[in-house]
Amino acid sequence: MGIFDKFSKLAAGRRELDALGIDPFGVQIDRIVSPTEGVIGGRHTILAGTNNYLGLTFDAQCIAAAHHALDQEGTGTTGSRMANGSYASHRLLEEELAAFYGMRDAIVFSTGYQANLGLLAGLTGPGDVVLLDADCHASIYDGCRLSGTEVIRFRHNDADDLTRRMRRLGPRAADALIALEGIYSMLGDRAPLRELVAVKREFGGYLLVDEAHSMGVCGAGGRGLAEELGVLAEVDFVIGTFSKSLGGGGGFCVSDRPELDLIRYASRPYIFTASPAPATIASTRAALRRLAQGHDLRQRLRENYEQLHAGLLALGYTLGAPPGAVIAVVLGERGEALKLWHELLLRGVYVNLMLPPATPDGVSLIRCSLSAAHTTAQIDAVCAAFAEVRPAAGATPPAQRAAM
Amino acid sequence: MLEQAQILSQIHDELVAFTQGRSEITADTDLIADLNMDSLRVMNFLLLIEDRFDISIPVNILPDVRTLRDLAAQIEKLLQQG
């Protein structure tokens, strides 16, 4: 068994795509025009799969703040915070995040992926137990794997299944960490947070909620789904990212636990990574201020996703969830999804193609994400493209969750 | 306490149902190599097994499970601990 033998299956999949002349996982955007438009293959293309929920990547104040930091502090920090020291702005951003959430403290990580990796690997270890929602992001699974903690999956968004598993743990439940997400990135469905919080109240334990796709989108103040459902005080660790609503790069954890600061010293993904560049921190701080005052942007985003959701439903597409900033068109078979995705690209609409095993329960998805920066005309154009590429009636029905 | 043979027979039945009636499944069938299941499908199969035996199976055991016989041994261990 050679070291590369395991790639034979991947190579076969790659050859299949090469034969079609497209690589949906290697699209190059030759020029970015705006938060919602780019040039791909010489064609002006509407970007409808960016996670740029508030459209802040071209916000004038964010750009000015980044420019200023670049001029004042240079291009990079060239090392980790523990070895090379923190810049004042790293700590200021942590204080501002903690204040924004009304919690005691925050830790900034270099990417969103590392936020989950760093928190879980720092907090948990052998002998601990994490109960995670089956549909959790890879970074949550990977953080658990790095930590060596015992990992138990519960059925997606199923508070009764979580209850059974907490009961089986007996006295260990009181120290278990429950890990889940506010909005799930593939289908765009929301966690029943009140019901899940009730399980934590019954058995004890700690709750981690990843608000990567709900920060800036949900809640009156943009803090996420826990704020919207009035359960933020019950969340022990909020995880978030700078690379979606905040239009930058990086991630964070906020917590009211006094021990949070100690987790830095136990977190390999925090210790052994260069800290975020000054310009990134500066644009993120400006974006956080804009997000906190972003009722107008959230209203615009809501209008946009309601328009696209209604438009796609009217065309007869099966959608993964009620209206939200992530709208997933559920398709049964990967060939059909690939064809639809390619036809959309040829019509100047770029969305995300999602195939198993990255998707839940073996479904193939065309995943759209909306931005406050999309115009009504752009969403009309996206709907028009979906109308043109609509599969004939009687096409493969979407796979049923329970049956897979 | 269930014997390993009884456990094996029950997970065999579950797997035949899960794979929609594949008849060639034996105790030594490799879930990934023979049945072409990816890790996600294996984990989703385990959800059914967990209900059947009223246990939680940690994801951590997966590297030690290739065949049904391996899985039965892990379940026996978990039932003894429980």
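Remember, it's a predicted structure, so these values are computed and weren't measured experimentally.

*Asks:* Account for the sheet that holds strand β12 (residues 349–350) of chain A, naming residues and giving values.
*Replies:* Ordered in space as β1-β2-β3-β12 (chain A), the four strands form an open sheet in which the pairing is mixed. Of all the strands in the sheet, the pair left with one neighbour each is β1 (31–34) and β12 of chain A.

*Asks:* Mind laying out the environment of D261(A), listing which residues take part and the relevant values?
*Replies:* Residues and elements named next belong to chain A. Note on placement: D261 falls in helix α10 (residues 260–263). When its relative accessible area of 30% is taken as the criterion, D261 is described as partly exposed. Residues D261 and Y206 lie 55 residues apart in sequence; the distance between their C-alpha atoms is 17 Å. Among the polar contacts made by the side chain of D261, one reaches the side chain of R264 at a distance of 2.7 Å.

*Asks:* Please provide a residue-by-residue account of the sheet that holds strand β14 (residues 364–369) of chain A, values included.
*Replies:* All names here are of chain A. Taken in spatial order, the three strands make up an open sheet running β11-β14-β13, and their pairing is antiparallel. Looking at the sheet topology across the chains shown, the edges are occupied by β11 (326–331) and β13 (352–354). Direction aside, the axes of adjacent strands within the sheet are offset by 25° on average. As paired strands, β11 and β14 are joined by six bridges and run antiparallel to one another. Counterpart to I327 in the pairing with β14 is C368. The strands touched by helix α13 (residues 295–314) within the sheet are β11 and β14, with β11 carrying the most contacts at an inclination of about 15°. Contacts between helix α14 (residues 334–346) and the sheet are confined to β11, β13 and β14, with β14 contributing the most and set at about 30° to the helix.

*Asks:* Tell me about the pattern of salt bridges, and please be specific about residues and values.
*Replies:* Pairs can form between side chains of opposite charge once their charged atoms are near each other. A full pass over the atoms with the stated rule returns 28 salt bridges over all chains. Across the salt bridge formed by D161(A) and R164(A), the nearest N and O atoms sit 2.9 Å from each other. Here R164(A) and D161(A) lie together in helix α7 (residues 159–169), a separation of three residues that amounts to about one turn. For D161(A), a relative accessible area of 0% gives the class buried. The partly exposed category is assigned to R164(A), whose relative accessible area is 31%. One salt bridge in this structure joins R165(A) and E50(B), with 2.9 Å as the shortest N-O distance. In this pair, R165(A) is assigned in helix α7 and E50(B) in helix α2 (residues 39–53), connecting two distinct chains.

*Asks:* Give me the lowdown on the packing of α2(B) against helix α3 (residues 68–81) of chain B, citing residues and values where you can.
*Replies:* Residues and elements named next belong to chain B. Close contact between α2 and α3 brings their axes to 12 Å; oriented N to C, the two are set at 40°. Here α3 runs oblique to α2, going by the angle between their axes. The chirality of how α2 crosses α3 is right-handed. Judged by residue contacts, F45, L46, I49 and F53 of α2 engage L71, I75 and L79 from α3. Each residue belonging to the contact of α2 with α3 can be placed in one class, and the counts come to seven nonpolar, no polar and no charged.

*Asks:* Mind laying out the interface of chain A and chain B, listing which residues take part and the relevant values?
*Replies:* Contacts between chain A and chain B engage 18 residues on the former and 19 residues on the latter. For the pair chain A and chain B, the summed buried surface comes to about 1,500 Å²; carbon and sulfur atoms form 44% of the total. Connecting chain A to chain B are three salt bridges. Residues D51(B) and R155(A) are paired through a salt bridge, measuring 2.9 Å at the closest nitrogen-oxygen approach. The interface formed by chain A and chain B contains 13 residue pairs in polar contact (both at pLDDT 80 or more). Breaking the side of chain A that touches chain B down by element, the ones donating at least two residues are β6 (150–154) and α7 of chain A. Split by residue class, the side of chain A that touches chain B holds six nonpolar, three polar and nine charged.

*Asks:* An account of the confidence of the model for chain A is requested, with residue identities and associated values reported.
*Replies:* Per-residue pLDDT for chain A has a mean of 94; in total, 97% of the residues score no lower than 70. Ignoring residues within four places in sequence, the model shows residues 394–404 of chain A, a span with pLDDT below 50, making 22 contacts including any to other chains.

*Asks:* Explain a nonpolar patch on the surface residue by residue, including any values.
*Replies:* A contiguous nonpolar surface patch, about 490 Å² in accessible area, is contributed by I3(A), F4(A), F7(A) and L10(A). Here F7(A) shows up in the segment before α1 (8–20).

*Asks:* Go over the nonpolar core with me, naming the residues and quoting the values.
*Replies:* With 92 residues, the main nonpolar core has L97(A), M166(A), I366(A) and F386(A) as its most contacted residues. Sequence-distant contacts of M166(A), that is, excluding residues within four places in its chain, are made with L131(A), A173(A), A176(A), I178(A), V199(A), F203(A) and G204(A).

*Asks:* Can you explain the side chain of Q378(A)? Please cite residues and give values.
*Replies:* Residues and elements named next belong to chain A. Within the element layout of this structure, Q378 appears in helix α15 (residues 376–389). For Q378, the side chain forms a polar contact with the side chain of T36, separated by 3.0 Å. Excluding residues that lie within four positions of it along the chain, Q378 makes contacts with T36, I46 and A373.

The rules we used
Residues numbered from 1 in each chain as written. Chains lettered and ligands numbered in written order. Predicted model: local features only at pLDDT ≥ 70, side-chain atom pairs only at ≥ 80, totals over all residues. Heavy atoms only, no water. Pairing = 2+ DSSP bridges. Helix = DSSP H or I, 4+ residues; strand = E, 2+ residues; numbered from the N terminus. Buried < 20%, exposed > 50% of the residue type's maximum accessible area, 1.4 Å probe, protein only. Polar contact = N/O pair within 3.5 Å; in protein donor to acceptor, adjacent residues only side chain to side chain. Axes fitted to C-alpha atoms, helices over the stretch in contact; angles between N-to-C directions. Contact = heavy atoms within 4.5 Å. Salt bridge = Lys/Arg side-chain N within 4 Å of Asp/Glu carboxyl O. Parallel < 35°, antiparallel > 145°, perpendicular 65-115°, else oblique. Left-handed = near helix turned anticlockwise from the far one by under 90°. Nonpolar A, V, L, I, M, F, W, Y, C, P; charged D, E, K, R; others polar. Buried area = accessible area lost by both parts, 1.4 Å probe. pLDDT = per-residue confidence, 0-100. Patch = residues over 30% accessible without salt bridge, like charges linked within 9 Å, V, L, I, M, F, W, Y side chains within 5 Å. Areas by Shrake-Rupley, 256 points an atom, 1.4 Å probe, with all protein chains shown as cover. Core = buried A, V, L, I, M, F, W, Y, C linked by side-chain atoms within 4.5 Å.

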